[in-house]
Amino acid sequence: MSNSVHSRWMKLALNEAMKAYDKKEIPIGAIVVKENRIIGRGYNQRESLNDPTAHAEIIALTSAANTLENWRLNDCILYVTKEPCPMCAGAIMNARISHIYFGMYDEEAGCCGSLYQLCRDPRFNHQSVVQGGIMEADCISLIKSFFYEQRSKK
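Residues numbered from 1 in each chain as written. Predicted model: local features only at pLDDT ≥ 70, side-chain atom pairs only at ≥ 80, totals over all residues. Heavy atoms only, no water.

Colleague: For this particular structure, what's the right way to read the pattern of salt bridges?
Modeller: Charged atoms that come close allow side chains of opposite charge to pair. One pass over the structure, following the stated rule, counts four salt bridges. One salt bridge in this structure joins R41 and E16, with 3.5 Å as the shortest N-O distance. One end of the pair, R41, is in strand β2 (residues 37-43); the other, E16, is in helix α1 (residues 3-22), with 25 residues separating them in the sequence. Residue E16 is classed as buried on the basis of its relative accessible area, which comes to 3%. Where D121 meets R123, a salt bridge forms, and the shortest distance between an N and an O atom there is 2.6 Å. Look at D121 and you get buried, because its relative accessible area is 12%. (Salt bridge = Lys/Arg side-chain N within 4 Å of Asp/Glu carboxyl O. Helix = DSSP H or I, 4+ residues; strand = E, 2+ residues; numbered from the N terminus. Buried < 20%, exposed > 50% of the residue type's maximum accessible area, 1.4 Å probe, protein only.)

Colleague: How should I be thinking about the side chain of E16 in this particular structure?
Modeller: Side chain to side chain, E16 and K19 meet in a polar contact 2.9 Å long. Leaving out residues up to four positions away in the same chain, E16 has contacts with G29, A30, I31, R41, G42 and Y43. (Polar contact = N/O pair within 3.5 Å; in protein donor to acceptor, adjacent residues only side chain to side chain. Contact = heavy atoms within 4.5 Å.)

Colleague: I tried to follow the sheet that holds strand β3 (residues 77-82) on my own but got confused; where do I start?
Modeller: Two strands in a sheet stick together by hydrogen bonds in their backbones, pointing the same way (parallel) or opposite ways (antiparallel). Strand order in the open sheet made by the five strands is β2-β1-β3-β4-β5, with mixed pairing throughout. Looking at strand neighbours, the two that pair on one side only are β2 and β5 (129-131), the edges of this open sheet. Adjacent strand axes in the sheet meet at a mean angle of 15° when their direction is disregarded. Here strand β1 (residues 29-34) pairs with β2 via six bridges, running antiparallel. Along β2, the bridge assignment pairs V33 with I38. Against the sheet, α1 contacts β1, β2, β3, β4 (99-104) and β5, and its axis sits at roughly 135° relative to β1. Contacts between helix α5 (residues 136-152) and the sheet are confined to β3 and β4, with β4 contributing the most and set at about 55° to the helix. (Pairing = 2+ DSSP bridges. Axes fitted to C-alpha atoms, helices over the stretch in contact; angles between N-to-C directions.)

Colleague: Whenever I open this one, α1 confuses me. Can you help?
Modeller: One turn of the α-helix equals 3.6 residues, which is why residues spaced by three or four share an orientation. Its 20 residues place the ends of α1 28 Å apart at the C-alpha level, agreeing with the 28 Å of an ideal helix rising 1.5 Å per residue. For α1, the complete set of buried residues consists of H6, W9, M10, A13, L14, E16, A17, A20 and Y21. Within α1, the buried residues cover an arc of 160° as seen down the axis, which keeps them to one side. In α1, the exposed positions that point more than 90 degrees away from the buried face belong to S4 and D22. (Expected span 1.5 Å × (residues − 1). Arc of directions from axis to C-beta.)

Colleague: Any chance you could explain the packing of aromatic side chains here in plain terms?
Modeller: Each pair of aromatic rings is reported with the distance of its centres and the angle of its planes. Under the defined criterion, the tally for this structure stands at five aromatic pairs. Here Y21 and F146 contribute two aromatic rings whose centre-to-centre distance is 5.7 Å and whose plane-to-plane angle is 70°, an arrangement assigned as edge-to-face. Here Y21, found in helix α1, pairs with F146, found in helix α5; they are 125 residues apart in sequence, far enough to count as distant. Across this residue pair, the class does not change: Y21 and F146 are buried. (Phe/Tyr/Trp six-rings, centres within 6.5 Å; stacked < 30°, edge-to-face > 60°.)

Colleague: Would you take a moment to explain the nonpolar core for this structure?
Modeller: One recurring pattern in soluble globular proteins: nonpolar side chains tend to sit buried together. Membership of the largest hydrophobic core comes to 41 residues, with the highest contact counts inside it found for V32, L73, L78, Y79 and I97. Contributing elements (two or more residues each) for this core: α1, β1, α3 (56-68), β3, α4 (86-95), β4 and α5. Ranked by residues supplied to this core, first place goes to α1 with six residues. The residues touching V32, leaving out its near neighbours within four places in the chain, are R37, I38, I39, G40, A60, L61, A64, C76, I77, L78 and I97. (Core = buried A, V, L, I, M, F, W, Y, C linked by side-chain atoms within 4.5 Å.)

Colleague: It is not clear to me how the packing of α1 against α5 should be interpreted in this structure. Could you clarify?
Modeller: Helix-helix packing is characterised by the crossing angle of the two axes and by the distance between the axes. Packing of α1 against α5 brings their axes to within 11 Å, and their N-to-C directions diverge by 5°. What the angle tells us is that α1 and α5 run roughly parallel. In this structure, α1 uses M10, L14, A17, M18 and Y21 to contact α5, whose residues at the interface are D138, C139, L142, S145, F146 and E149. Of the residues assigned to the contact of α1 with α5, the class counts are eight nonpolar, one polar and two charged. (Parallel < 35°, antiparallel > 145°, perpendicular 65-115°, else oblique. Nonpolar A, V, L, I, M, F, W, Y, C, P; charged D, E, K, R; others polar.)

Quick look at the structure:
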């Protein structure tokens, strides 16, 4: 797939991240795509749901599984604005996502290349193709703006 195709999908993941931003949640957004259509969407909702698992990826995976009426998300692609954490990387592998495209790298908790590469580990029964840095500057800018705004209120 071309970079313009990835950018088109990542812009939609960024739209999800903006929903989180508007609700004072850390702005991370995700979409799941199958056969060139969105089947799942999610944005970070940990604060509003008081749920440590309410990450954008988890919500998007659940939405996609509900759409397909199947937890196996074979041949599905995940776009997410920030590199998945260990919990999300595990859920992505369990869902059998074929490709993961993310925006910004996460040197503190990223498990798709930064700290670990769980999604490509051949010891697991499923691996995903992973590519980071899709619209990275836009994804970083949104997170930085959010934290700048939050800190300036204190």
